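The residues making up each chain are set out below.
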4 protein chains.
Amino acid sequence: MPDPASDKKEAILKTALSLFVERGFFGTPTSLISKEAGVATGTLFFYFKTKEALIDTLYLRVKAEAAEAMGKGIDREPDAKTKLRRVGRNAVTWGIANPEKITFMELFAHSPFVSTSAHEEGMSHFLFLENIIRDGIREGTVQDIDRHLLFCMMASAISAMIGRISTAKTRAEREMVIDQGLDYIWNGLSSEKGGEMRNKKAGKKDMIP
Amino acid sequence: MPDPASDKKEAILKTALSLFVERGFFGTPTSLISKEAGVATGTLFFYFKTKEALIDTLYLRVKAEAAEAMGKGIDREPDAKTKLRRVGRNAVTWGIANPEKITFMELFAHSPFVSTSAHEEGMSHFLFLENIIRDGIREGTVQDIDRHLLFCMMASAISAMIGRISTAKTRAEREMVIDQGLDYIWNGLSSEKGGEMRNKKAGKKDMIP
Amino acid sequence: MPDPASDKKEAILKTALSLFVERGFFGTPTSLISKEAGVATGTLFFYFKTKEALIDTLYLRVKAEAAEAMGKGIDREPDAKTKLRRVGRNAVTWGIANPEKITFMELFAHSPFVSTSAHEEGMSHFLFLENIIRDGIREGTVQDIDRHLLFCMMASAISAMIGRISTAKTRAEREMVIDQGLDYIWNGLSSEKGGEMRNKKAGKKDMIP
Amino acid sequence: MPDPASDKKEAILKTALSLFVERGFFGTPTSLISKEAGVATGTLFFYFKTKEALIDTLYLRVKAEAAEAMGKGIDREPDAKTKLRRVGRNAVTWGIANPEKITFMELFAHSPFVSTSAHEEGMSHFLFLENIIRDGIREGTVQDIDRHLLFCMMASAISAMIGRISTAKTRAEREMVIDQGLDYIWNGLSSEKGGEMRNKKAGKKDMIP
DNA sequence: TATGAATGAGGCTTCATTCAT
DNA sequence: TATGAATGAAGCCTCATTCAT
């Protein structure tokens, strides 16, 4: 009962993902994709009008999947800080489980091979992140600096983490890197850091005799 | 004094830089490079055995130039913190002045078109950065977390900053983004708050008695 | 009464005619024909074993229809001259009413895409024309020159007329062109003129006395 | 001293002419052209940006050559009648000597594969013909009917003649067909007979005392 | 050094045709 | 009868690279 048509389409998408990551867009001929996917050359073009249409579809899917994974469970978190921390952990978890997809997103995030419309549609899945940042700024727990800059930096930091984690040998090392990385990110975002704020809060408590 | 031969070689390199950034590696035919550079197709292959040899040369040059720019004046800085802050500011300044080169580095940082040896040689120019981080850790001013992770995160943060800055309309906005970005980076790197957090936690325990 | 099966076949033929005229044989994919005809790709190949079988069928139909139209009413004409003139007018009338079919015939009259057998069978519909010419020669009203040449020239003249007529703006202009064209054709075919010319000259002399 | 570059280009043009005539535009792959011409596939595209550019060039050349051949010696002819007769004979002579080129012109005269600009430029070579017809009308030796129609009919008649001639077995038969054909054309064009016929009819009336 | 005509492998895509349903 | 997913050969064209000059 598995839809045979869908099977071939999925096989193409899966194979394309691997090959694009491995060899880049221009580096992977459509003929290789179809061969590795076990379909005829014409079949690829039956499902995707163009090589670019193929990568567009792929891009959108991966972005959507990533966004969904990152947003998992954030509603149960009480504030922006914990929400963002959970997003970070979700991202790392998903990235580790889907290294190809992470690499794919990085490779084609600014690629001209992906259509502008696909870029825009892909970006829309992450609007919820900007919302959390905005809430955090309102709460006073996130530094009130340029939101888009924060967003980009957070994204690049997570990406760097995943990159670093993928070289980790043990589970322990991996966990350590995640913790350190999330600390780094949060401390960078936190408005507490001003050392003074901490001092202030802590001080208040400390000062209570 | 201008060696005519060298002129052509330089013209090819300069043109190739622009075109690779604009259109990617596979997207720019060598014929286009030579045409835009005002030389014959054969001339390009006289100076560079291969298209890959051309991009390797380019990559190495840009990396070396970037490293040199980032290291400017760090000897006069007293400690790791100020050194790193100066590196960051140098990087941003250079990146803004050389947008094509920045883009080029990002595009080909992990690219298979650049040979492994070139990647390694290119990376070597940045060893001084890891040294500063190591010193900072020894000084106690930089968090004692994975050095390579710090390095990657710093690099990606700077890159994100430059990206964000390039969309800034006014000089004032630009300066603000730089300051905020460097704050973010430093606060992320700083051991102060981390220390305090640890202190805090430790404090909790301390307070138990 | 409309056989649904036949409906599809007719739809395919009709669509194919338009598309072949518009875009040529190789220029119109069978997939386009079936799409525009509103049938599945497989259906076309159910009714026509091959793309060439389709165009053969089309060719034969159009030729037969044209021949029938051209022969309409010639039995009521008294002699070869009037017969031929009626054939010419019939041809023009039909050609104006069926521009696609005329173009189709011209396009594929010598085309290798139409099988030789179809060409031969198509030509057979026009044998009656050669018969009229033969009769005219026997009557003495048509020049006794190569019959096949006459046939070809008449055909090409009619075709030229139709082409010229299709650029006419007004009905009056169109009628004028038809009359002039038929005059041209007939005068070209007529043996009278030679005779009359001779008679005329002779006549002049005769009249001198 | 024969320009080697030009050699290859000419070989391609010559081969393309034969193949297009033999197999049509879509029926002859560029790969076949280059193979038969003895050059590499890339060479064809070095000289002609596109397959269409190739046929355009070919079309223009053939048209120009045909026009030049048809106009040969007409200046030495005294009047429109002899000029046109010479044009006709020139055309037939050239057509017999260059059967492929004649066929080529017929095949692609209305072809969409030849660009509109090429069609227009090609047509311009034949303006001198329309001029002769105009002069003839002024002289009173050519029927005063639509000039463009005359032009088309003459062209198609000549073409039909050539077609018929190419099936001639003996030189004598060929000469006969040429003479008959030119007679046909001229009688069709001549205003004498038309005029005389009218004169004749009128004359009869006039003679009625 | 420098040129640019020439090469030919290889890429993307089309399309006539088949076949299981 | 009718469908449309699937096929794969073949077409047009690009482009890194060479080589005679």
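Residues numbered from 1 in each chain as written. Chains lettered and ligands numbered in written order. Predicted model: local features only at pLDDT ≥ 70, side-chain atom pairs only at ≥ 80, totals over all residues.

## Topic: the overall build of chain A
Now for step 1: When helices and strands are tallied, chain A shows 11 helices and zero strands.
Now for step 2: Along its sequence from the N terminus, chain A presents helices and strands in the succession α-α-α-α-α-α-α-α-α-α-α.
Now for step 3: The contacts in chain A between residues at least 6 apart in sequence include a share of 65% that link residues at least 24 apart. (Helix = DSSP H or I, 4+ residues; strand = E, 2+ residues; numbered from the N terminus. Contact = placed C-beta atoms within 7 Å.)

## Some details on the domain arrangement of chain A
Residues and elements named next belong to chain A.
Now for step 1: The domains assigned to chain A are domain 1 (1–48) and domain 2 (60–207).
Now for step 2: On the side of domain 2, seven residues touch domain 1, which itself brings five residues to the contact.
Now for step 3: When its residues are assigned to classes, the side of domain 1 that touches domain 2 shows four nonpolar, one polar and no charged. (Domains from an automatic or database assignment. Nonpolar A, V, L, I, M, F, W, Y, C, P; charged D, E, K, R; others polar.)

## Quick word on the relation of the copies chain B and chain A
To go from the first copy of the chain to the second, apply a rotation about an axis and then a shift along the same axis.
Now for step 1: The transformation that overlays chain B on chain A combines an axial shift of 0.2 Å with a rotation of 180°, and the residual RMSD is 0.2 Å. Viewed as a symmetry operation, the transformation between the two copies matches a two-fold axis.
Now for step 2: Interface overlap between copies is the fraction of interface residues in one copy that are interface residues in the other; for chain B against chain A it reaches 86%, indicating a shared surface. (Least-squares fit on C-alpha atoms with pLDDT ≥ 70 in both.)

## Re the packing of helix α8 (residues 127–139) of chain A against helix α9 (residues 147–165) of chain A
The packing of two helices is summarised by the inter-axis angle and the distance between the axes.
All names here are of chain A.
Now for step 1: Look at α8 against α9: their axes get within 10 Å of each other, and the N-to-C directions meet at 120°. By the angle between their axes, α8 is oblique relative to α9. Pair α8 / α9 crosses with right-handed handedness. Judged by residue contacts, L129, E130, I133 and R134 of α8 engage R147, L150 and F151 from α9.
Now for step 2: Residue composition of the contact of α8 with α9, grouped by class: four nonpolar, no polar and three charged. (Axes fitted to C-alpha atoms, helices over the stretch in contact; angles between N-to-C directions. Parallel < 35°, antiparallel > 145°, perpendicular 65-115°, else oblique. Left-handed = near helix turned anticlockwise from the far one by under 90°.)

## As for the nonpolar core
Now for step 1: The biggest cluster of nonpolar side chains holds 98 residues, and the ones touching the most others in it are A157 and M161 of chain A together with A157 and M161 of chain B.
Now for step 2: Apart from residues no more than four positions distant in its own chain, A157 of chain B is found in contact with M153, S156 and A157 of chain A together with G181, Y184 and I185 of chain B.
Now for step 3: Judged by nonpolar contacts, the second largest core, of 97 residues, contains A16 and I145 of chain C together with M105 and M154 of chain D. (Core = buried A, V, L, I, M, F, W, Y, C linked by C-beta atoms within 7 Å. Buried ≥ 20, exposed ≤ 12 C-beta atoms within 10 Å, placed from the backbone.)

## A closer look at the interface of chain B and chain A
Now for step 1: Residue-level contacts link 28 residues of chain B with 29 residues of chain A.
Now for step 2: Elements with a contribution of two residues or more to the side of chain B that touches chain A: α9 (147–165), α10 (171–189) and α11 (191–207) of chain B.
Now for step 3: By residue class, the composition of the side of chain B that touches chain A is 11 nonpolar, 11 polar and six charged.

## Examining the packing of helix α4 (residues 51–71) of chain D against helix α5 (residues 80–97) of chain D
Residues and elements named next belong to chain D.
Now for step 1: With their axes 7 Å apart at the nearest point, α4 and α5 run at an angle of 130° to one another. The pairing of α4 with α5 is recorded here as oblique in orientation. The handedness of the crossing between α4 and α5 is right-handed. Contacts between α4 and α5 pair A66, A69 and M70 from the former with V87, N90, A91 and W94 from the latter.

## Quick notes on helix α8 (residues 127–139) of chain B
Residue and element names in this part refer to chain B.
Now for step 1: Over its 13 residues, α8 extends 18 Å from the first C-alpha to the last, a length consistent with the 18 Å expected when each residue adds 1.5 Å.
Now for step 2: Regarding α8, the residues found buried are L129, I132, I133 and G136. The buried residues of α8 all sit within an arc of 95° when viewed along its axis, so they share a single face. Seen from the buried face of α8, the exposed residues on the opposite side, beyond 90 degrees, are L127 and R138. (Expected span 1.5 Å × (residues − 1). Arc of directions from axis to C-beta.)

## Description of the environment of A66 of chain D
Residue and element names in this part refer to chain D.
Now for step 1: The residue A66 is located in helix α4 in this model.
Now for step 2: Between the alpha carbons of A66 and F25 there is a distance of 21 Å; along the sequence they are 41 residues apart.
Now for step 3: With near-sequence residues (within four places) excluded, A66 lies in contact with W94, K101 and M105.

## Brief notes about the environment of P99 of chain B
Now for step 1: Looking at the secondary structure, you find P99 of chain B in helix α6 (residues 99–108).
Now for step 2: For the pair P99 of chain B and V21 of chain B, spaced 78 residues apart in sequence, the C-alpha separation works out to 9.7 Å.

## With respect to the confidence of the model for chain A
Now for step 1: Taken over all residues, the pLDDT of chain A has a mean of 83, while the share at 70 or more is 87%.
Now for step 2: Predicted confidence for residues 193–209 of chain A stays below pLDDT 50, and this span has 12 contacts to residues more than four positions away or in other chains. (pLDDT = per-residue confidence, 0-100.)

## Some words on the environment of A109 of chain C
Now for step 1: With respect to the helices, strands and loops of the structure, A109 of chain C is situated in the loop between α6 (99–108) and α7 (116–124).
Now for step 2: With 46 residues separating them in the primary sequence, A109 of chain C and K63 of chain C have C-alpha atoms 9.7 Å apart.

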